[in-house]
Amino acid sequence: MATTARKAPTLRYEREAWRSGAGLLAAVDEVGRGALAGPVSVGVVLLSADTKPAPLGVADSKLLTPQARERLVPRIRRWALDCAVGHASAAEIDRIGIIAALRLAAERAVSQLSVKPDWVLLDGNHDYLTVRDGLFDWGFEEPDRWRCRVPVRTLIKGDLKCSSIAAASVLAKTERDRILISLAEQYPQYGFEENKAYSSPQHLAALLEHGPSQVHRCSWNLPGRDGWWDLPSGWSGLIERARLNQLRELEQLPELLELPEAAVAARDLAEPAVAAPDLPGGLTAPDAMGENGQMMPAGIAR
C-alpha cells in the first residue's frame, strides 16, 4: 500500500491573523521537555506580514535528519526577521519545575530578539508563556528578561502545520543537540551523543550503573536515584511532587519550599482560571489549559 505524502507546513495560520491586522509574530517551539538530562531549549522565529514562504524543506525537526536540520539553519536565519534559542538548565528545571523552565527558556529566547513581538504562536495545547499577575518570579537575576503580555495562540501539532513553528523547532533542536554532543565528551557513559539525553536503553542502563550526573534532572524519577529529598534546600523535588498533587504555580509556593509538610495540606488548592486574550481580527487564543482541556502532568520521567 502506497503511503500518503505528508503535507508541508505553510503560513496559513499566520496569514489569517496578519490579514486581520496582527503585527509581528513570534513563533515558539520547544525541545528537550521529556529528556532526562540537559537543558530544555526553546526556539523563536520572528516574522512580519510581508514574510515570504519558508525555505524549501522546513518541517517539524523530528522528521528531519541531523544533516537536513543543519543545512536549514542558515536558510531560516536569512528568511526570518530575527530568531533565537533560549535554554533552561537541568539545575533550573530541578529548582522551578519543567513548566516554569519552559517559560524561562522562552523568555530568554525572545529577550535576544532585536524587536519584540505583538503576538505569539505557540506549539502545543498549553500556554506556558502568559504571565499571571502575582506569581512568584523564581528570583532569577534577569531584570530585563522579556515577559509575555501579548496574545498567545496555542496550536496542537503546530510544528506539522505552521512553517514558522517548524522553523523554530529546527533552530531549537540543532542548538540543543550541539549542547548534548558537547556534554557527551564530559559524560561519555550516558551516550548523550546518540540519545540526546532521552530514555534510551543505553541511557537507562548507565543510570542504573553510575547514577545521575550533574547535568541530570535529579528531581525526576531517575533509575539509580533513591528518592528526591536530598536535593538542595529550596529546589524542586518538592515542586515536582506538588505538581503531581495537582498544585499549580501558587503564590504560596515559596512557603511550601520552606515547609514541605504544607504540600499535603495544600494539595487541593488550584490557581484561579485566567481568561486568555483575544488575537487581532477575532482570532481567539484557547484557555490557559490549551485546546484539549486538561493539561497533562509534565516534568516527571517515566
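Details of the structure are given in the entry above.
What you see is a predicted model, and the numbers here were worked out from it, not measured in a lab.

*Asks:* So what's going on with the overall build of the protein chain? Which residues, and what values?
*Replies:* Within the protein chain, the secondary structure is distributed over eleven helices and five strands. Relative to its full complement of 302 residues, the protein chain shows a buried share of 54%. Long-range contacts, defined as pairs at least 24 residues apart, comprise 72% of the intrachain contacts of the protein chain with a sequence gap of at least 6. As displayed, the protein chain has an accessible area near 14400 Å², and 53% of this comes from carbon and sulfur atoms.

*Asks:* Could you give me a rundown of the packing of aromatic side chains, with the residues and numbers involved?
*Replies:* Applying the stated rule across the entire model yields one aromatic pair. When the ring centre of Tyr-13 is taken as reference, the NZ or CZ atom of Arg-12 above it lies at 4.9 Å. Over the face of the ring belonging to Trp-220 we find Arg-217, whose NZ or CZ atom lies 5.1 Å from the ring centre.

*Asks:* Kindly report on helix H1 (residues 12-19), identifying the contributing residues and their values.
*Replies:* When we look at burial in H1, the residues that qualify are Tyr-13, Glu-14, Ala-17 and Trp-18. Along the axis of H1, the buried positions cluster into a sector of 135°, meaning they face one direction only. Residues of H1 that are exposed and point over 90 degrees away from its buried face: Arg-12 and Arg-19. Its buried side turned inward, H1 meets strand S1 (25-31), strand S2 (40-47), strand S4 (119-123), strand S5 (152-155), helix H5 (158-161) and helix H6 (163-186). Just past H1, the residue Gly-21 takes up positive phi, approximately 105°.

*Asks:* Mind laying out the nonpolar core, listing which residues take part and the relevant values?
*Replies:* With 46 residues, the main nonpolar core has Val-28, Val-44, Val-120, Tyr-128, Leu-129 and Phe-192 as its most contacted residues. If you list the elements that add at least two residues to this core, you get S1, S2, strand S3 (82-88), helix H3 (90-96), helix H4 (98-111), S4, H6 and helix H8 (201-210). Of all the elements, H4 adds the most residues to this core, at ten residues. Grouped together as the second largest cluster of nonpolar side chains are 30 residues, Ala-27, Leu-64, Leu-72 and Ile-76 included.

*Asks:* Tell me about the side chain of Thr-174, residues and numbers included.
*Replies:* For Thr-174, the location among the structural elements is in helix H6. Overall, Thr-174 belongs to the buried group, its relative accessible area being 4%. A polar contact of 3.0 Å, which involves the side chain of Thr-174, links it to the backbone oxygen of Leu-171. Among residues more than four places away in sequence, those in contact with Thr-174 are Arg-69, Glu-70 and Val-73.

*Asks:* A description of the pattern of salt bridges should follow, citing residues and the corresponding values.
*Replies:* One pass over the structure, following the stated rule, counts eleven salt bridges. A salt bridge links Asp-159 to Lys-62, with the nearest nitrogen and oxygen atoms 3.1 Å apart. One end of the pair, Asp-159, is in helix H5; the other, Lys-62, is in the loop between S2 and helix H2 (66-79), with 97 residues separating them in the sequence. Looking at Lys-62, the relative accessible area reads 63%, which means it is exposed. Through salt bridges with shared partners, a single ionic network connects Glu-92, Arg-103, Glu-107, Arg-108, Glu-142 and Arg-145.

*Asks:* Which residues make up the environment of Leu-160, and what values do they have?
*Replies:* Checked against the element boundaries, Leu-160 lands in helix H5. In this structure Leu-160 comes out as partly exposed when scored by relative accessible area, which is 22%. Separated by 101 residues in the primary sequence, Leu-160 and Ala-59 place their C-alpha atoms 6.6 Å from one another. Non-local contacts of Leu-160, meaning those with residues more than four positions away in its chain, are made with Arg-6, Lys-7, Pro-9, Asp-60 and Leu-63.

What counts, and at which threshold
Residues numbered from 1 in each chain as written. Predicted model: local features only at pLDDT ≥ 70, side-chain atom pairs only at ≥ 80, totals over all residues. Heavy atoms only, no water. Helix = DSSP H or I, 4+ residues; strand = E, 2+ residues; numbered from the N terminus. Buried < 20%, exposed > 50% of the residue type's maximum accessible area, 1.4 Å probe, protein only. Contact = heavy atoms within 4.5 Å. Areas by Shrake-Rupley, 256 points an atom, 1.4 Å probe, with all protein chains shown as cover. Phe/Tyr/Trp six-rings, centres within 6.5 Å; stacked < 30°, edge-to-face > 60°. Lys NZ or Arg CZ within 6 Å of the ring centre and 35° of its normal. Arc of directions from axis to C-beta. Core = buried A, V, L, I, M, F, W, Y, C linked by side-chain atoms within 4.5 Å. Polar contact = N/O pair within 3.5 Å; in protein donor to acceptor, adjacent residues only side chain to side chain. Salt bridge = Lys/Arg side-chain N within 4 Å of Asp/Glu carboxyl O.

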